[in-house]
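Structure at a glance
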Amino acid sequence: MKVLRLLSGVAIVIVLFASCNSAKKTSQDTASGRKKDPEAADAASKIAKMLDKLSTDLVSATTGKAEVFRTGEGINITFQPDFYFESNSEQLTPDAKNLLNEVSGVLNRYPYTEVFIEGHADSSGNQLKNKKLSENRAKSVALYMKSQGLVSDRLAIAGYGATRPVESNETPEGRRKNRRVLVKIRANEKKFLASKIQVASK
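Quick look at the structure, then.

How each quantity is defined
- Residues numbered from 1 in each chain as written.
- Predicted model: local features only at pLDDT ≥ 70, side-chain atom pairs only at ≥ 80, totals over all residues.
- Heavy atoms only, no water.
- Helix = DSSP H or I, 4+ residues; strand = E, 2+ residues; numbered from the N terminus.
- Buried < 20%, exposed > 50% of the residue type's maximum accessible area, 1.4 Å probe, protein only.
- Areas by Shrake-Rupley, 256 points an atom, 1.4 Å probe, with all protein chains shown as cover.
- Expected span 1.5 Å × (residues − 1).
- Arc of directions from axis to C-beta.
- Contact = heavy atoms within 4.5 Å.
- Core = buried A, V, L, I, M, F, W, Y, C linked by side-chain atoms within 4.5 Å.
- Polar contact = N/O pair within 3.5 Å; in protein donor to acceptor, adjacent residues only side chain to side chain.
- Pairing = 2+ DSSP bridges.
- 1 Å grid on protein atoms, 1.4 Å probe; cavity = no way out; pocket = protein on both sides within 12 Å on 5 of 7 lines; lining within 4 Å.
- Points joined across faces, edges and corners; volume = space filled by probe spheres on them.
- Nonpolar A, V, L, I, M, F, W, Y, C, P; charged D, E, K, R; others polar.
- Phe/Tyr/Trp six-rings, centres within 6.5 Å; stacked < 30°, edge-to-face > 60°.

Within the chain, the secondary structure is distributed over eight helices and five strands. Helices and strands appear in the chain in the N-to-C order α-α-β-β-α-α-β-α-β-α-β-α-α. Looking at the chain as a whole, 37% of its 202 residues are labelled buried. When the accessible surface of the chain is split by element, carbon and sulfur atoms take 57% of a total near 12,400 Å².

The structure is reproduced here in structure tokens:
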């Protein structure tokens with residue numbers, strides 16, 4: 001019996017040792033695989049540089065009238081309704097149209113990006129109406145950008161109402177910041193890497 005217990009113990013140790021070695025090898029292979037993929041790293045670097053340049057161009061185009069923020073995924077532009085829309089309306093103001101002309105002009109130079117437009121509201125008033133208004137405002141921005149040359153398959157919209165606040169709705173300033181249109185710009189990696197810019201640089 002002692003011999004059997006000893007052999008059983010040795011077998012367990014061997015299995016554990018083999019399992020550890022296997023896990024270590026898999027981990028090393030995965031890390032090695034990442035290191036051996038320079039094409040993916042090069043593509044990511046090119047996309048990041050393109051988005052950095054686009055961000056700079058958008059900052060120049062908006063001249064401080066909208067908040068342009070470079071994120072890990074792309075670029076966010078926040079438009080406050082006080083400047084962009086008539087009160088309790090989805091109608092764009094003349095100032096908004098002038099600024100969207102500039103923004104659309106920049107985006108037309110970067111056709112390998114996608115634009116997702118979100119409408120948001122504060123928590124005051126009827127929430128069903130707020131959600132509908134937030135959606136209509138996002139739609140107004142999208143339609144105006146389309147009129148300035150952005151193709152439909154680059155544009156998508158959503159209206160979230162008061163479900164995604166960025167500040168407390170307990171103060172007038174918080175409610176003002178929650179009433180916003182957020183434009184998210186992301187790279188279409190496939191289109192960008194197949195674009196004339198990339199083909200020419202090979």
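Right, let's talk about helix H4 (residues 94-108) for a bit. For H4, spanning 15 residues, the distance from its first C-alpha to its last is 21 Å, which sits close to the expected 21 Å at 1.5 Å a residue. Along H4, the positions that sit buried rather than exposed are Ala 96, Leu 99, Leu 100, Val 103, Ser 104, Val 106 and Leu 107. The buried residues of H4 all sit within an arc of 155 degrees when viewed along its axis, so they share a single face. Those residues of H4 that are buried lie in contact with helix H2 (38-62), strand S2 (74-79), helix H3 (81-84), strand S3 (113-120), helix H5 (127-147) and strand S5 (180-187).

It is worth spelling out the nonpolar core at this point. Counting 36 residues, the largest nonpolar core has Leu 58, Ile 77, Ile 117, Met 145 and Val 183 as the members making the most contacts within it. Elements that contribute at least two residues to this core include exactly H2, S2, H4, S3, H5 and S5. Apart from residues no more than four positions distant in its own chain, Ile 117 is found in contact with Ala 138, Val 141, Ala 142, Met 145, Leu 155, Ala 156, Ile 157, Ala 158, Val 181, Leu 182 and Val 183.

Right, let's get into H5. Compared with the 30 Å implied by 1.5 Å per residue over 21 residues, the 30 Å span of H5 between its first and last C-alpha is a close match. The elements touched by buried residues of H5 are H3, H4, S3, strand S4 (155-159) and S5. Between the side-chain oxygen at the start of H5 and the backbone nitrogen of Leu 128 there is a gap of 2.9 Å, and the oxygen is on Asn 126. Following H5 by one or two positions, Gly 149 adopts a phi angle in the positive range, close to 110 degrees.

Attention now goes to the environment of Gln 80. Mapped onto the secondary structure, Gln 80 falls in the loop between S2 and H3. Here the alpha-carbon distance between Gln 80 and Lys 65, two residues 15 residues apart in the chain, equals 9.0 Å. Sequence-distant contacts of Gln 80, defined by excluding residues within four places in its chain, comprise Arg 176, Lys 177, Arg 179 and Arg 180. Side-chain polar atoms of Gln 80 contact the backbone oxygen of Arg 176, separated by 3.0 Å.

We now examine the pairing of strand S1 (residues 67-70). Inspection of the sheet shows S1 paired to S2 by four bridges, in the antiparallel sense. When the sheet's bridge partners are listed, Phe 69 is paired in S2 with Asn 76. Linking S1 back to S2 in an antiparallel pair, the connection comprises three residues.

Take the layout of surface pockets next. Here the largest pocket defines a volume of roughly 290 Å³. The wall of the largest pocket is formed by 16 residues, among which Ser 87, Asn 88, Leu 133, Arg 137 and Arg 179 lie closest to the centre. Those elements that provide at least two residues to the lining of the largest pocket are H3 and H5. Among the elements that line the lining of the largest pocket, the one with the most residues is H5, at five residues. Of the residues assigned to the lining of the largest pocket, the class counts are four nonpolar, six polar and six charged. Estimated volume of the second largest pocket: approximately 180 Å³. Lining the second largest pocket we find Gly 64, Lys 65, Ala 66, Glu 67, Thr 78, Phe 79, Gln 80, Val 166, Glu 167, Lys 177 and Arg 180. Residues of the lining of the second largest pocket, tallied by class, amount to three nonpolar, three polar and five charged.

Relative to the assigned elements, Arg 164 resides in the loop between S4 and helix H6 (172-178). The spacing of Arg 164 and His 120 is 44 residues in sequence and 7.2 Å in space, taken between C-alpha atoms. Arg 164 has contacts with Glu 118, His 120 and Arg 180, leaving out every residue within four places of it along the chain.

Attention now moves to the packing of aromatic side chains. How two aromatic rings sit relative to each other is set out by the distance from centre to centre and by the angle between their planes. Scanning the entire structure with this criterion turns up four aromatic pairs. Measuring from centroid to centroid gives 4.9 Å for Phe 83 and Tyr 84, while their planes differ by 70 degrees, and the two rings are edge-to-face. The class of Phe 83 is partly exposed, set by a relative accessible area of 26%. When its relative accessible area of 1% is taken as the criterion, Tyr 84 is described as buried.

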